[in-house]
Amino acid sequence: MSDAAPHILLVDTPPALQRHLRLSLGTLELRLHWPAAEQVSECLESRPIAAVVLPLASVGGLPKSQAHALIRQSHAHGVPVLLLAEELPEAVEVMEAHPPGAVDCMASPPEPQLLRARMAGLVERFRARSAQEALRQSEERYRLSTLATSDAIYDWDMVTDTLRWSVHVRTLFGYPPEDVQGDFRWWSRNLHRKDRRRVLASLRDALEQGDVKWRQEYQFSRVDGSYADVVDQGYILRDASGQPLRMVGGMQDVTERKRAERNLRFLSEASAQLGSNLELRETLQRLAWLVVPELADWCSVDLVDEEGHLKRVALAHPEPRKRTRALEHWERLAEARERRSVLNRVVETGQPRWVHAFSRAHLEELSGGDEELRAALELLGCTSYMVLPLNARGRVLGVLGLLQAESGRHYDETDVELAQALANRAALAVDNAMLYQRAQRAISLRDDFLSIAAHELRTPTTSLKLSVQTLVRKLQGERPMPPREQLRSRLEGLNLSVARLEALENQLLDVTRLASGHLQLQREEVDLVEVVHGVLDAFAPQAEDAGCELVLVEHGPVVGQWDRSRLEQVVTHLLTNAIKYGAGKPVRVRVQGWPEWAQLSVSDQGIGIAPEHQSRIFERFERAASDRHYGGLGLGLYITRRIVEALCGEVHVTSRPGQGSTFTVLLPYTAVGARKPLAEGSHEEGGSTWEESAQPH
Ligand code: ADP
């Protein structure tokens, strides 16, 4: 007998009836159990029972009360009961107490054929019930599994072309229930145009070629018009002849995974680009082109220049005309520095700025009240942007700007993370390139210095050599001694060359000392006016030779705790330069004592210095004048600055090319307790208004 044979309980059956029933039911595929009334409950619990046969007391079975209890128990398990009674009215009376269908009856002993027919009916009902239950459970499992996964599960009946979707088709792609149409066309309509032909062809092939499984990756439209990356995997069910009937499968949203893969690829490509070259502008421009159009419609890179202003070094957008116009607008924006741009704010805070959905308020903020600029920005059609700091070694070197316009895309947190990772890599590359540039510049400065130094040393040495040779020749042999006056003039010439050599030697020594950090100050009470007088006296012949009238403006002693010889050095360097670069024109020196600091200004009307060189000339070996016309090691101003700083002061220059320069030194009177001197640019060019506007003490 098969395991699938239905189980029948025949309760408390007297032996004679038992024999009769066994014989009558023997031909049916049944498993007969003969429990006592007390065992019925256990039997019902332990396995599915198809029917319970219950002989009543009249045929030696159970009394009515017990029969009622057993019927109720069986009914609770959904198992029908067949009563056997001698007289049917007895059984009918019992039946009346129970719901229809719960219990049936036969006269006992039952006619074998009738019993078999009745039993076969009960078994049939049992089988149908079991099948239904199995189906219900399976449906429930299916429903639960579709809920448990986040995939959009579908069941496509190809015969009726109906497609049933799990709820996730709505959660994944955002469609409201009424928009999800249950047919194949709805699905195929939502495939991305670039994928549709390929996906439909592969599905057709799978159906025609008798495949059981089908798998494709494609993009599927979301309700907001964006696309999700999906992996679709389906199982094809066929009829006996192999005709496809149904396909059950699921669409898995792999957008985030794909995006992470793409981002990783993008970052590694960007790193390769950034690491491939130390030429800064070229590298950053290439980076900008890598970002467009993958990550942005517009990409810009701005670096902070030496004066702390942002300078645009790269810009990418597919349309050249728009690019040119944007660059012009940027220049305008950069010029209006008082209008503190978003980019400047990112440099100041070191924090990224990100706008998911660009609004009118953002437009106003960006244009800073400039009508024309606002119109231009409006035309740009920005939908979203982000500005990221280029941070390296704790400094913000510049900003990376990404903007969406034509594509209508919007940035989210993941984009910001990716862009920041990109900005960090870019910052590292910028830092490396800057270090490299600096190293290159230092090398070229050193080379220039060596050749200039050799030249500078050669001039006095050559004239020294020539003078000595002439003298030796004149004093040689029997010749008469040259006249005393001639001899004196020769020796003075020699002295001058020696002094020049000495000055060069001192400069070199000073620089070496400064480089190793030794600058010993001998502070004492010094009158700056007296120092200036001394230096001016010493320089009188030189100034005369150069055609420079020396004018000193002073109002009496200006005394402070300073280092006399270092102050002399400062005045000497400034005066040397004024005479050298302002030959033929007057040189004015002014000393003033203000309540908290002393001021020394040296003004000439010479060649002047272009604005872009004005800060670097205070650095070591830095020169801004042509080597052919002006000698010099590029050390005087460096030494001056270092001495002034050691005295807690400041030195700066105001100058106009072709009109002259004014070098101003501000010194506190003592090493401590001095307020910081005036900030750069707080006095007028040339410093001339000071004298008139305030009274020195
Ligand atoms: P140098 O020996 O070259 O004069 P400095 O350090 O004294 O070196 O000056 C650095 C550079 O600054 C000079 O090469 C020159 O270009 C510029 N400079 C300094 N003083 C003046 C000045 N009074 N007028 C014009 N340029 C000047």
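Just so it is clear, the model here is predicted, and its values are computed rather than measured.

Enquirer: Explanation requested: the overall build of the chain in the structure shown.
Expert: When helices and strands are counted, the chain shows 20 helices and 22 strands. On C-alpha atoms alone, the chain measures out to a radius of gyration of 51 Å, which is more than a quarter above the 26 Å that the 2.2 N^0.38 rule sets for 697 residues. Its C-alpha atoms give the chain principal-axis dimensions of about 175 × 60 × 55 Å. Here the chain, with 697 residues, has 43% of them falling under the buried criterion. Within the chain, contacts between residues separated by at least 24 positions form 64% of all contacts whose residues are at least 6 apart in sequence. For the chain, the exposed surface amounts to about 37200 Å²; the carbon and sulfur share of it is 53%. Averaging the positions of the 83 positive and the 96 negative side-chain charges in the chain gives two centres separated by 4 Å.

Enquirer: Sorry, what's going on with the confidence of the model for the chain here?
Expert: One rule of thumb: low pLDDT means the predicted coordinates there are not for detailed reading. Scored by pLDDT, the chain comes out at a mean of 87, with 94% of its residues at no less than 70. Counting interchain partners and residues more than four positions distant, the pLDDT-below-50 stretch residues 677-697 has 43 contacts.

Enquirer: Teacher, can you tell me more about the packing of aromatic side chains here?
Expert: Geometrically, a pair of aromatic rings is defined through the distance of the ring centres and the angle of the planes. Tallied over the entire structure, the rule returns 14 aromatic pairs. For the ring pair W187 and W214, a centre distance of 6.3 Å and an interplane angle of 80 degrees mean the geometry is edge-to-face. Of this pair, W187 sits in helix 7 (residues 184-189) while W214 sits in strand 8 (residues 213-221), placing them 27 residues apart in sequence. Like W187, the residue W214 is buried in the burial classification.

Enquirer: So what exactly am I meant to see when it comes to the side chain of R616 here?
Expert: One can find R616 in the loop between strand 20 (597-603) and helix 19 (636-646). Judged by its relative accessible area of 18%, R616 falls in the buried class. When sequence neighbours within four positions are dropped, the list of residues in contact with R616 reads R441, E622, R623 and A624.

Enquirer: Help me out: how do you make sense of the sheet that holds strand 5 (residues 103-107) in this one?
Expert: Pairing between the strands of a sheet comes from backbone hydrogen bonds, and it takes one of two forms, parallel or antiparallel. The strand order across the open sheet built from 5 strands is 2-1-3-4-5, with neighbouring strands paired in parallel fashion. Across the chains shown, the open sheet's two edge strands, defined by having one partner strand only, are strand 2 (31-33) and strand 5. Across the sheet, the mean angle separating the axes of adjacent strands is 25 degrees when strand polarity is ignored.

Enquirer: In this structure, what is going on with the site of the ligand? I would like to understand it.
Expert: N577, Y581, R623, A625 and L637 are the nearest of the 20 residues found near the ligand. At 3.5 Å, a backbone N or O of L635 approaches an oxygen atom of the ligand. Between an oxygen atom of the ligand and a main-chain N or O atom of L637, the distance comes to 2.8 Å. Isolated, the ligand exposes 530 Å² of accessible area, and the fraction of that covered by the protein chains is 98%. Elements that contribute at least two residues to the shell around the ligand include exactly helix 18 (564-581), helix 19 and strand 22 (660-668).

Enquirer: Where do I start with the pattern of salt bridges in this structure?
Expert: Pairing between side chains of opposite charge can happen when the charged atoms of each approach one another. In total, this model carries 28 salt bridges according to the counting rule given. We note a salt bridge from R215 to E217, for which the minimum N-O separation is 3.7 Å. Take R215: its relative accessible area is 45%, and that puts it in the partly exposed class. The network of salt bridges with common partners includes E256, R259, D412 and D415.

Enquirer: Hey, could you run me through helix 9 (residues 255-275) in this one?
Expert: Note that an α-helix has 3.6 residues per turn; residues three or four places apart therefore point the same way. Compared with an ideal rise of 1.5 Å per residue, which puts 21 residues at 30 Å, helix 9 spans 30 Å between its outermost C-alpha atoms and is within 8% of the ideal. Elements in contact with the buried residues of helix 9: strand 9 (227-238), strand 10 (244-253), helix 10 (280-291) and helix 15 (413-475).

Enquirer: Is there a simple way to explain the pairing of strand 22 in this structure?
Expert: Each regular strand displays side chains that alternate between the two surfaces of the sheet. In terms of burial, strand 22 is largely enclosed, as 9 of its 9 residues are buried. By the alternation rule, side chains of strand 22 split into G660, T662, T664, L666 and P668 and S661, F663, V665 and L667, which are all buried. Two elements, strand 20 and strand 22, share 7 bridges in a ladder whose sense is antiparallel. Across the sheet, the residue bridging to A598 is L667, located in strand 22. Across 7 bridges, the pairing between strand 21 (residues 650-656) and strand 22 is antiparallel. Opposite H652, over in strand 22, you have T664 as the bridge partner.

Enquirer: Please explain the sheet that holds strand 10 as it appears in this structure.
Expert: Reading across from one edge, 7-6-10-9-8 is the order of the 5 strands in this open sheet, with antiparallel pairing throughout. This sheet does not close on itself; its edge strands, each paired only once, are strand 7 (162-165) and strand 8. Averaged over all neighbouring strand pairs, the angle between strand axes comes to 25 degrees, with direction disregarded. Examined bridge by bridge, strand 8 and strand 9 share 9 bridges and lie antiparallel to one another. Among the inter-strand pairings, E217 is bridged to a residue of strand 9, identified as V231. Strands strand 6 (152-157), strand 8, strand 9 and strand 10 of the sheet are contacted by helix 8 (residues 193-208), whose axis makes an angle of about 160 degrees with strand 8. Packing of helix 9 onto the sheet brings it into contact with strand 8, strand 9 and strand 10, and relative to strand 9 it is tilted by some 125 degrees.

Enquirer: Just to check I follow, could you spell out the side chain of D302 for this structure?
Expert: With respect to the helices and strands, the residue D302 is situated in strand 11 (residues 298-304). Overall, the relative accessible area of 0% leaves D302 in the buried class. A polar side-chain atom of D302 sits 3.0 Å from a polar atom in the side chain of R312.

Enquirer: When you look at the nonpolar core in this model, what are you seeing that I'm missing?
Expert: Within soluble globular proteins, side chains that are nonpolar generally end up buried alongside one another. L528, W562, L575 and L600 are the most contacted members of the largest nonpolar core, which totals 50 residues. Here this core gets 8 residues from one element, more than from any other, and that element is helix 17 (residues 528-546). Once residues within four sequence positions are removed from consideration, L600 is found in contact with L528, V532, V570, V571, L574, V589, R590, V591, F663, T664 and V665. L267, V313, A426 and A429 belong to the second-largest nonpolar core, a separate cluster that totals 39 residues.

About the cut-offs
Counting from 1, residues in each chain are numbered in the order their sequence is written. Local features in this predicted model are restricted to residues of pLDDT 70 or higher, and side-chain atom pairs are both shown and tallied only at a pLDDT of 80 or more, whereas totals for entire chains, interfaces and linings draw on every residue. Hydrogens and water are ignored here; the side-chain numbers use all heavy atoms of the structure. We count a stretch as a helix when DSSP gives it H or I for four or more residues in a row; a strand needs E for two or more, and each element gets its number in order from the N terminus. Throughout, the radius of gyration refers to the C-alpha atoms, and the reference size of a globule is 2.2 Å times the residue count to the power 0.38. Each residue is placed in one exposure class: buried if its accessible area under a 1.4 Å probe, protein chains only, is under 20% of its type's maximum, exposed if it is over 50%, and partly exposed if it falls in between. We call two residues in contact when some of their heavy atoms are within 4.5 Å. Per-residue accessibility takes into account occlusion by the displayed protein chains alone, with areas from the Shrake-Rupley method and a 1.4 Å probe. Only four residue types enter the charge count, namely Lys and Arg as positive and Asp and Glu as negative; His and the chain termini do not. Here the site of a charge means atom NZ of a Lys, CZ of an Arg, CG of an Asp or CD of a Glu. Every residue gets a pLDDT, meaning the predictor's confidence in that residue, from 0 to 100. Centres within 6.5 Å make a pair out of two Phe, Tyr or Trp rings, where for Trp the six-membered ring is used; the pair is then stacked when the planes are under 30 degrees apart, edge-to-face when over 60, and tilted otherwise. Any two strands with at least two DSSP bridges between them are considered paired. All axes here are fitted lines through C-alpha atoms, helices being fitted over the stretch that makes contact, and every angle between N-to-C directions spans 0 to 180 degrees. Nearness is judged by heavy atoms alone; a residue qualifies as near a molecule or strand once a single heavy atom is within 4 Å of it. N or O atoms within 3.5 Å of each other form a polar contact, as long as, within protein, one can give a hydrogen and the other can take it, and as long as residues adjacent in sequence are counted only when both atoms are side-chain atoms. In the sections that follow, a salt bridge refers to a side-chain nitrogen of Lys or Arg positioned within 4 Å of a carboxyl oxygen of Asp or Glu. One less than the residue count of a helix, multiplied by 1.5 Å, gives the span that helix is expected to have. Buried Ala, Val, Leu, Ile, Met, Phe, Trp, Tyr and Cys residues form a nonpolar core when they are joined through side-chain atoms within 4.5 Å.

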